[in-house]
Amino acid sequence: MMKKILYIGNKLSKHGNTATSIETLGSFLESEGFEVYYASSKKNKIFRFFDMLLTTIWYARKVDYVFIDTYSTQNFYYALATSQLCRLFNVKYIAKLHGGDLPNRIKRSPYFSDLIFKNAYKISAPSDYLLAAFRENYAANLIYIPNTIELQKYDFLKRNFIVPKLLWVRSFSKIYNPKMAIAVLYQLKKVYPNATLAMVGPDKEHLVEDCKNYAADLGVEVTFTGKLTKEAWVALSKEYNVFINTTHFDNTPISVIEAMALGLPVVSTNVGGIPFLISDKENGLLVADSDVDGMVSAIIEIFNNEILTQKIVDAARTTVESFDWSVIKQKWFEILK
(Lines give C-alpha, C1' and ligand atoms only; values in the text may rest on other atoms or scores of the structure.)
Protein backbone atom coordinates (compact mmCIF):
# COMPACT_ATOMS: atom_id res chain seq x y z
CA MET A 1 0.00 0.00 0.00
CA MET A 2 1.42 3.39 -1.05
CA LYS A 3 2.27 5.82 1.73
CA LYS A 4 0.28 8.93 2.62
CA ILE A 5 2.08 12.24 3.12
CA LEU A 6 1.04 15.59 4.52
CA TYR A 7 3.16 18.39 3.06
CA ILE A 8 3.39 21.63 5.06
CA GLY A 9 4.72 24.68 3.22
CA ASN A 10 3.88 27.82 1.27
CA LYS A 11 1.79 26.63 -1.68
CA LEU A 12 1.31 30.07 -3.15
CA SER A 13 1.84 29.88 -6.90
CA LYS A 14 -1.86 30.54 -7.54
CA HIS A 15 -1.36 33.93 -5.84
CA GLY A 16 1.46 34.88 -8.23
CA ASN A 17 4.40 33.54 -6.23
CA THR A 18 7.05 31.23 -7.64
CA ALA A 19 6.26 27.54 -7.19
CA THR A 20 8.36 26.07 -4.38
CA SER A 21 9.26 22.55 -3.26
CA ILE A 22 5.79 21.87 -1.86
CA GLU A 23 4.43 22.02 -5.40
CA THR A 24 7.34 20.57 -7.37
CA LEU A 25 8.36 17.71 -5.08
CA GLY A 26 4.74 17.16 -4.08
CA SER A 27 3.75 16.65 -7.70
CA PHE A 28 6.74 14.37 -8.34
CA LEU A 29 5.72 12.18 -5.37
CA GLU A 30 2.11 12.06 -6.55
CA SER A 31 3.33 10.90 -9.97
CA GLU A 32 4.99 7.95 -8.20
CA GLY A 33 1.72 6.95 -6.53
CA PHE A 34 2.07 8.65 -3.13
CA GLU A 35 -1.10 10.21 -1.72
CA VAL A 36 -0.16 13.79 -0.80
CA TYR A 37 -2.18 16.34 1.16
CA TYR A 38 -1.11 19.99 1.40
CA ALA A 39 -1.20 23.05 3.66
CA SER A 40 -1.29 25.81 2.95
CA SER A 41 -2.35 27.93 0.00
CA LYS A 42 -3.86 30.70 2.14
CA LYS A 43 -2.44 34.06 1.06
CA ASN A 44 -2.70 35.77 4.44
CA LYS A 45 0.18 34.68 6.71
CA ILE A 46 -1.94 34.37 9.85
CA PHE A 47 -4.66 32.38 8.06
CA ARG A 48 -1.95 30.23 6.48
CA PHE A 49 -0.39 29.54 9.88
CA PHE A 50 -3.69 28.41 11.41
CA ASP A 51 -4.56 26.38 8.33
CA MET A 52 -1.24 24.54 8.72
CA LEU A 53 -1.97 23.83 12.38
CA LEU A 54 -5.53 22.63 11.80
CA THR A 55 -4.54 20.53 8.79
CA THR A 56 -1.75 18.90 10.78
CA ILE A 57 -4.17 18.05 13.58
CA TRP A 58 -6.71 16.68 11.09
CA TYR A 59 -4.29 14.48 9.13
CA ALA A 60 -1.76 13.51 11.84
CA ARG A 61 -3.35 10.12 12.48
CA LYS A 62 -4.18 9.54 8.79
CA VAL A 63 -0.74 9.91 7.19
CA ASP A 64 2.56 8.06 7.42
CA TYR A 65 4.84 11.10 7.17
CA VAL A 66 4.68 14.88 7.37
CA PHE A 67 7.02 16.95 5.22
CA ILE A 68 7.73 20.41 6.64
CA ASP A 69 9.43 23.05 4.51
CA THR A 70 11.71 24.82 6.98
CA TYR A 71 12.99 28.34 6.32
CA SER A 72 15.05 30.82 8.32
CA THR A 73 12.64 33.77 8.46
CA GLN A 74 9.08 33.99 9.84
CA ASN A 75 8.27 30.65 8.24
CA PHE A 76 10.66 29.06 10.74
CA TYR A 77 7.86 29.37 13.29
CA TYR A 78 5.43 27.50 11.01
CA ALA A 79 7.90 24.63 11.12
CA LEU A 80 8.31 24.93 14.87
CA ALA A 81 4.58 24.77 15.59
CA THR A 82 3.70 22.00 13.13
CA SER A 83 6.68 19.86 14.13
CA GLN A 84 5.61 19.95 17.76
CA LEU A 85 2.10 18.90 16.79
CA CYS A 86 3.67 15.97 14.94
CA ARG A 87 5.48 15.02 18.12
CA LEU A 88 2.23 15.27 20.07
CA PHE A 89 0.47 12.94 17.64
CA ASN A 90 3.49 10.66 17.28
CA VAL A 91 3.76 10.99 13.50
CA LYS A 92 7.13 10.99 11.71
CA TYR A 93 8.07 14.32 10.21
CA ILE A 94 10.80 15.30 7.78
CA ALA A 95 12.24 18.82 8.10
CA LYS A 96 13.07 19.94 4.55
CA LEU A 97 15.67 22.68 4.75
CA HIS A 98 15.39 25.81 2.61
CA GLY A 99 17.12 29.15 2.56
CA GLY A 100 20.72 30.27 2.66
CA ASP A 101 20.39 31.90 6.08
CA LEU A 102 19.33 28.79 8.02
CA PRO A 103 22.82 28.32 9.52
CA ASN A 104 22.42 31.70 11.22
CA ARG A 105 18.91 30.82 12.36
CA ILE A 106 20.11 27.73 14.25
CA LYS A 107 22.70 29.92 15.97
CA ARG A 108 20.14 32.60 16.86
CA SER A 109 17.47 30.14 18.02
CA PRO A 110 19.27 27.05 19.36
CA TYR A 111 16.46 25.95 21.70
CA PHE A 112 13.71 26.16 19.09
CA SER A 113 16.03 24.62 16.50
CA ASP A 114 16.65 21.64 18.77
CA LEU A 115 12.91 21.18 19.24
CA ILE A 116 12.46 20.91 15.47
CA PHE A 117 15.55 19.12 14.33
CA LYS A 118 16.52 16.75 17.15
CA ASN A 119 13.05 15.24 17.09
CA ALA A 120 12.67 14.95 13.33
CA TYR A 121 12.52 11.54 11.70
CA LYS A 122 14.84 12.97 9.04
CA ILE A 123 16.35 16.34 8.18
CA SER A 124 16.60 16.73 4.42
CA ALA A 125 19.42 19.05 3.30
CA PRO A 126 19.29 19.98 -0.41
CA SER A 127 22.91 21.18 -0.57
CA ASP A 128 26.35 20.38 0.78
CA TYR A 129 26.27 23.88 2.27
CA LEU A 130 23.33 23.12 4.57
CA LEU A 131 24.58 19.59 5.15
CA ALA A 132 27.84 20.98 6.52
CA ALA A 133 26.06 23.63 8.61
CA PHE A 134 23.73 21.08 10.27
CA ARG A 135 26.20 18.23 10.67
CA GLU A 136 27.71 19.50 13.95
CA ASN A 137 24.48 19.43 15.95
CA TYR A 138 22.08 17.26 13.96
CA ALA A 139 24.12 14.57 12.26
CA ALA A 140 22.09 11.64 13.61
CA ASN A 141 19.09 12.07 11.30
CA LEU A 142 20.60 14.32 8.60
CA ILE A 143 20.43 13.25 4.96
CA TYR A 144 21.43 14.87 1.67
CA ILE A 145 18.69 14.96 -0.98
CA PRO A 146 19.16 17.74 -3.54
CA ASN A 147 16.43 19.73 -5.22
CA THR A 148 15.25 18.02 -8.35
CA ILE A 149 14.23 18.71 -11.93
CA GLU A 150 13.06 16.60 -14.87
CA LEU A 151 16.11 16.93 -17.08
CA GLN A 152 14.27 15.85 -20.22
CA LYS A 153 12.27 19.09 -20.10
CA TYR A 154 15.41 21.23 -20.48
CA ASP A 155 16.94 21.30 -23.94
CA PHE A 156 20.70 21.81 -23.84
CA LEU A 157 21.21 24.49 -26.51
CA LYS A 158 24.36 25.70 -28.21
CA ARG A 159 24.25 29.49 -27.96
CA ASN A 160 25.63 32.41 -29.91
CA PHE A 161 28.11 34.52 -27.92
CA ILE A 162 28.33 37.74 -29.92
CA VAL A 163 26.22 40.21 -27.91
CA PRO A 164 25.41 39.67 -24.20
CA LYS A 165 21.76 38.84 -23.65
CA LEU A 166 21.32 38.50 -19.89
CA LEU A 167 18.58 36.55 -18.16
CA TRP A 168 17.66 36.96 -14.46
CA VAL A 169 15.01 34.67 -12.92
CA ARG A 170 14.02 35.16 -9.26
CA SER A 171 11.32 36.74 -7.13
CA PHE A 172 11.73 40.48 -6.76
CA SER A 173 12.93 40.44 -3.17
CA LYS A 174 15.69 42.43 -1.49
CA ILE A 175 17.66 39.31 -0.61
CA TYR A 176 17.95 38.56 -4.34
CA ASN A 177 19.35 42.04 -5.05
CA PRO A 178 17.55 42.71 -8.35
CA LYS A 179 18.99 46.20 -8.77
CA MET A 180 22.45 44.68 -9.16
CA ALA A 181 21.33 43.08 -12.42
CA ILE A 182 20.36 46.50 -13.77
CA ALA A 183 23.65 48.02 -12.63
CA VAL A 184 25.50 45.19 -14.39
CA LEU A 185 23.64 45.92 -17.63
CA TYR A 186 24.49 49.63 -17.33
CA GLN A 187 28.21 48.91 -16.94
CA LEU A 188 28.21 46.17 -19.57
CA LYS A 189 26.73 48.51 -22.17
CA LYS A 190 29.92 50.56 -22.03
CA VAL A 191 31.61 47.60 -23.72
CA TYR A 192 28.63 46.04 -25.50
CA PRO A 193 26.15 48.84 -26.34
CA ASN A 194 23.58 46.34 -27.62
CA ALA A 195 23.58 44.19 -24.48
CA THR A 196 20.10 43.35 -23.15
CA LEU A 197 18.54 42.14 -19.91
CA ALA A 198 15.28 40.34 -19.14
CA MET A 199 14.12 39.98 -15.54
CA VAL A 200 11.59 37.23 -14.85
CA GLY A 201 9.73 36.73 -11.60
CA PRO A 202 6.87 37.76 -9.34
CA ASP A 203 6.92 41.11 -7.54
CA LYS A 204 7.13 39.53 -4.08
CA GLU A 205 8.11 42.69 -2.19
CA HIS A 206 6.72 45.32 -4.57
CA LEU A 207 10.14 46.20 -5.95
CA VAL A 208 9.46 46.14 -9.70
CA GLU A 209 8.41 49.78 -9.91
CA ASP A 210 11.54 50.81 -8.03
CA CYS A 211 13.64 48.69 -10.39
CA LYS A 212 11.95 50.25 -13.42
CA ASN A 213 12.71 53.72 -12.06
CA TYR A 214 16.30 52.71 -11.40
CA ALA A 215 16.68 51.47 -14.97
CA ALA A 216 15.17 54.71 -16.27
CA ASP A 217 17.55 56.78 -14.14
CA LEU A 218 20.50 54.84 -15.61
CA GLY A 219 19.08 55.17 -19.10
CA VAL A 220 18.94 51.43 -19.81
CA GLU A 221 16.02 49.44 -21.15
CA VAL A 222 15.14 46.29 -19.23
CA THR A 223 12.44 43.74 -20.08
CA PHE A 224 10.29 42.94 -17.05
CA THR A 225 8.11 39.92 -17.81
CA GLY A 226 6.47 39.43 -14.43
CA LYS A 227 5.94 35.87 -13.24
CA LEU A 228 6.10 33.27 -16.01
CA THR A 229 5.28 29.60 -15.92
CA LYS A 230 8.31 27.32 -15.96
CA GLU A 231 7.51 26.34 -19.53
CA ALA A 232 7.27 30.01 -20.58
CA TRP A 233 10.57 31.12 -19.09
CA VAL A 234 12.36 28.05 -20.41
CA ALA A 235 11.05 28.96 -23.88
CA LEU A 236 12.14 32.58 -23.34
CA SER A 237 15.62 31.42 -22.30
CA LYS A 238 16.32 30.36 -25.90
CA GLU A 239 16.71 34.03 -26.76
CA TYR A 240 19.40 34.65 -24.10
CA ASN A 241 22.99 33.56 -23.62
CA VAL A 242 24.03 34.34 -20.02
CA PHE A 243 22.20 33.66 -16.75
CA ILE A 244 23.02 36.02 -13.89
CA ASN A 245 22.26 35.39 -10.21
CA THR A 246 22.72 38.46 -8.00
CA THR A 247 21.51 37.21 -4.65
CA HIS A 248 22.76 38.24 -1.18
CA PHE A 249 21.69 34.92 0.41
CA ASP A 250 21.02 31.60 -1.25
CA ASN A 251 20.93 27.85 -0.90
CA THR A 252 20.72 25.79 -4.11
CA PRO A 253 18.21 27.68 -6.25
CA ILE A 254 16.23 25.65 -8.76
CA SER A 255 16.41 28.50 -11.30
CA VAL A 256 20.22 28.25 -11.34
CA ILE A 257 20.06 24.45 -11.70
CA GLU A 258 17.61 24.91 -14.58
CA ALA A 259 19.87 27.46 -16.28
CA MET A 260 22.79 25.02 -16.05
CA ALA A 261 20.61 22.32 -17.61
CA LEU A 262 19.69 24.66 -20.49
CA GLY A 263 23.29 25.36 -21.46
CA LEU A 264 23.28 28.93 -20.16
CA PRO A 265 26.62 29.90 -18.59
CA VAL A 266 25.88 31.06 -15.05
CA VAL A 267 27.51 34.07 -13.42
CA SER A 268 26.56 34.26 -9.74
CA THR A 269 27.48 35.86 -6.47
CA ASN A 270 29.38 33.36 -4.32
CA VAL A 271 27.03 33.44 -1.31
CA GLY A 272 25.48 30.73 0.86
CA GLY A 273 25.23 27.42 -0.92
CA ILE A 274 26.18 28.70 -4.38
CA PRO A 275 29.91 27.77 -4.09
CA PHE A 276 28.81 24.23 -3.19
CA LEU A 277 26.93 24.05 -6.50
CA ILE A 278 29.21 26.11 -8.74
CA SER A 279 33.00 25.97 -8.85
CA ASP A 280 34.50 29.13 -10.33
CA LYS A 281 35.69 28.65 -13.92
CA GLU A 282 34.71 24.99 -13.74
CA ASN A 283 30.93 24.91 -14.20
CA GLY A 284 30.16 28.62 -13.81
CA LEU A 285 31.69 31.94 -12.80
CA LEU A 286 31.54 33.38 -9.29
CA VAL A 287 31.94 36.94 -8.02
CA ALA A 288 31.68 38.57 -4.60
CA ASP A 289 28.34 39.69 -3.17
CA SER A 290 27.23 42.99 -4.78
CA ASP A 291 30.37 43.11 -6.97
CA VAL A 292 28.95 44.75 -10.09
CA ASP A 293 32.34 45.28 -11.74
CA GLY A 294 33.33 41.68 -11.01
CA MET A 295 30.15 40.36 -12.63
CA VAL A 296 30.64 42.58 -15.67
CA SER A 297 34.22 41.29 -16.04
CA ALA A 298 33.01 37.69 -15.74
CA ILE A 299 30.39 38.23 -18.45
CA ILE A 300 32.98 39.80 -20.74
CA GLU A 301 35.24 36.79 -20.16
CA ILE A 302 32.45 34.51 -21.40
CA PHE A 303 32.44 36.41 -24.70
CA ASN A 304 36.23 36.59 -24.99
CA ASN A 305 37.13 33.02 -24.03
CA GLU A 306 35.25 30.50 -26.14
CA ILE A 307 37.18 27.51 -24.74
CA LEU A 308 36.39 28.43 -21.13
CA THR A 309 32.73 29.10 -21.95
CA GLN A 310 32.26 25.73 -23.64
CA LYS A 311 33.99 23.99 -20.75
CA ILE A 312 31.69 25.72 -18.26
CA VAL A 313 28.42 24.92 -20.02
CA ASP A 314 29.37 21.27 -20.62
CA ALA A 315 30.47 20.79 -17.00
CA ALA A 316 27.32 22.51 -15.72
CA ARG A 317 25.08 20.11 -17.63
CA THR A 318 27.04 17.17 -16.23
CA THR A 319 26.63 18.60 -12.72
CA VAL A 320 22.85 18.84 -12.93
CA GLU A 321 22.37 15.36 -14.34
CA SER A 322 22.60 14.17 -10.73
CA PHE A 323 19.57 16.36 -9.91
CA ASP A 324 17.24 14.52 -12.30
CA TRP A 325 14.11 13.08 -10.69
CA SER A 326 14.97 9.60 -11.98
CA VAL A 327 18.02 9.74 -9.68
CA ILE A 328 16.63 11.69 -6.73
CA LYS A 329 13.43 9.68 -6.34
CA GLN A 330 15.46 6.67 -5.23
CA LYS A 331 16.73 8.66 -2.26
CA TRP A 332 13.15 9.50 -1.24
CA PHE A 333 12.02 5.90 -1.68
CA GLU A 334 14.73 4.75 0.73
CA ILE A 335 13.37 6.85 3.60
CA LEU A 336 9.66 6.53 2.77
CA LYS A 337 9.61 2.76 3.13
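Right, let's walk through the structure included here. Everything numeric in this text was worked out from a predicted model, so none of it was measured. (Residues numbered from 1 in each chain as written. Predicted model: local features only at pLDDT ≥ 70, side-chain atom pairs only at ≥ 80, totals over all residues. Heavy atoms only, no water.)

Examining the environment of R105
Within the secondary structure, R105 sits in helix 4 (residues 102-108). Overall, R105 belongs to the buried group, its relative accessible area being 8%. Separated by 32 residues in sequence, R105 and T73 have C-alpha atoms that sit 7.9 Å apart. In contact with R105, not counting residues within four places along its chain, are S72, T73, F76, Y77 and S113. Polar side-chain contacts of R105 include one of 3.3 Å to the side chain of Y77. (Helix = DSSP H or I, 4+ residues; strand = E, 2+ residues; numbered from the N terminus. Buried < 20%, exposed > 50% of the residue type's maximum accessible area, 1.4 Å probe, protein only. Contact = heavy atoms within 4.5 Å. Polar contact = N/O pair within 3.5 Å; in protein donor to acceptor, adjacent residues only side chain to side chain.)

A look at the sheet that holds strand 12 (residues 285-287)
Pairing in this open sheet of six strands is parallel, and the strands run 9-8-7-10-11-12 from one edge to the other. Looking at which strands have only one partner, the edges of the open sheet turn out to be strand 9 (223-226) and strand 12. Across the sheet, the mean angle from the axis of one strand to that of its neighbour is 20°, orientation sign disregarded. The sheet contact formed by strand 10 (residues 242-245) and strand 11 (residues 266-269) spans three bridges and is parallel. Considered in strand 11, the bridge of N245 is made with S268. (Pairing = 2+ DSSP bridges. Axes fitted to C-alpha atoms, helices over the stretch in contact; angles between N-to-C directions.)

Things to note about helix 13 (residues 306-320)
With 15 residues, helix 13 should reach 21 Å at 1.5 Å per residue; the first-to-last C-alpha distance of 22 Å fits that figure. What helix 13 keeps buried is the set L308, T309, I312, V313, A316, R317 and V320. What you see down the axis of helix 13 is that its buried residues fit within an arc of 165°, all on one side. Among the exposed residues of helix 13, those pointing more than 90 degrees away from its buried face are I307 and T318. If you follow the buried residues of helix 13, they end up packed against helix 10 (254-261), strand 12 and helix 12 (292-304). (Expected span 1.5 Å × (residues − 1). Arc of directions from axis to C-beta.)

A few points about unusual backbone geometry
A cis amide bond, omega 15°, links A39 with the succeeding residue S40. With respect to the helices, strands and loops of the structure, S40 is situated in the loop between strand 2 (35-39) and helix 2 (45-59). For H206, which is not a glycine, the phi torsion comes out positive at approximately 55°. Here H206 lies in the loop between strand 8 (196-200) and helix 8 (208-218).

Let's talk about the packing of helix 3 (residues 75-89) against helix 5 (residues 110-117)
Axis separation between helix 3 and helix 5 bottoms out at 9 Å; the angle between their running directions is 45°. When the axis of helix 3 is compared with that of helix 5, the two are oblique. In the crossing of helix 3 with helix 5, the sense of the turn from one axis to the other is left-handed. In this structure, helix 3 uses F76, Y77, A79, L80, S83, Q84 and R87 to contact helix 5, whose residues at the interface are F112, S113, L115 and I116. Here the contact of helix 3 with helix 5 is composed, by residue class, of seven nonpolar, three polar and one charged. (Parallel < 35°, antiparallel > 145°, perpendicular 65-115°, else oblique. Left-handed = near helix turned anticlockwise from the far one by under 90°. Nonpolar A, V, L, I, M, F, W, Y, C, P; charged D, E, K, R; others polar.)

So, the side chain of H98
Looking at where H98 falls in the secondary structure, it is placed in the loop between strand 4 (92-97) and helix 4. In terms of polar contacts, H98 uses its side chain to reach the side chain of D69, at 2.9 Å. Beyond its immediate chain neighbours, meaning those up to four positions away, H98 contacts S21, D69, T70, Y71, S72, L130 and N251.

Let's talk about the side chain of S40
A relative accessible area of 1% places S40 in the buried class. For S40, the side chain forms a polar contact with the main-chain nitrogen of K42, separated by 3.1 Å. Beyond its immediate chain neighbours, meaning those up to four positions away, S40 contacts G9, N10, K11, L12, R48, D51 and M52.

Examining the packing of aromatic side chains
As enumerated under the stated definition, the model contains 21 aromatic pairs in all. With a centroid separation of 5.7 Å and an interplanar angle of 55°, the aromatic rings of Y111 and F112 are classed as tilted. The class for Y111 is exposed, based on a relative accessible area of 59%. With relative accessibility at 33%, the residue F112 sits in the partly exposed group. By way of ring pairs, the aromatic residues Y7, Y38, F67 and W332 are connected into one cluster. Against the face of Y38 rests K11, its NZ or CZ located 4.9 Å from the ring centre. Across the ring face of Y214, the terminal group of K179 is positioned such that the distance to the ring centre comes to 5.2 Å. (Phe/Tyr/Trp six-rings, centres within 6.5 Å; stacked < 30°, edge-to-face > 60°. Lys NZ or Arg CZ within 6 Å of the ring centre and 35° of its normal.)

Here we look at the pattern of salt bridges
Applying the stated rule across the entire model yields nine salt bridges. The partner of K118 in a salt bridge is D114, with the nearest N and O atoms 3.9 Å apart. K118 sits in the exposed class, given a relative accessible area of 53%. Taking relative accessible area as the criterion, D114 reaches 27% and is therefore assigned partly exposed. Here D250 makes a salt bridge to R170, at a shortest N to O gap of 2.7 Å. A residue pair is termed long-range when its members are at least 10 positions apart, and D250 in the loop between strand 10 and helix 10 and R170 in the loop between strand 7 (165-169) and helix 7 (178-188) qualify at 80 residues. Like R170, D250 is buried. (Salt bridge = Lys/Arg side-chain N within 4 Å of Asp/Glu carboxyl O.)

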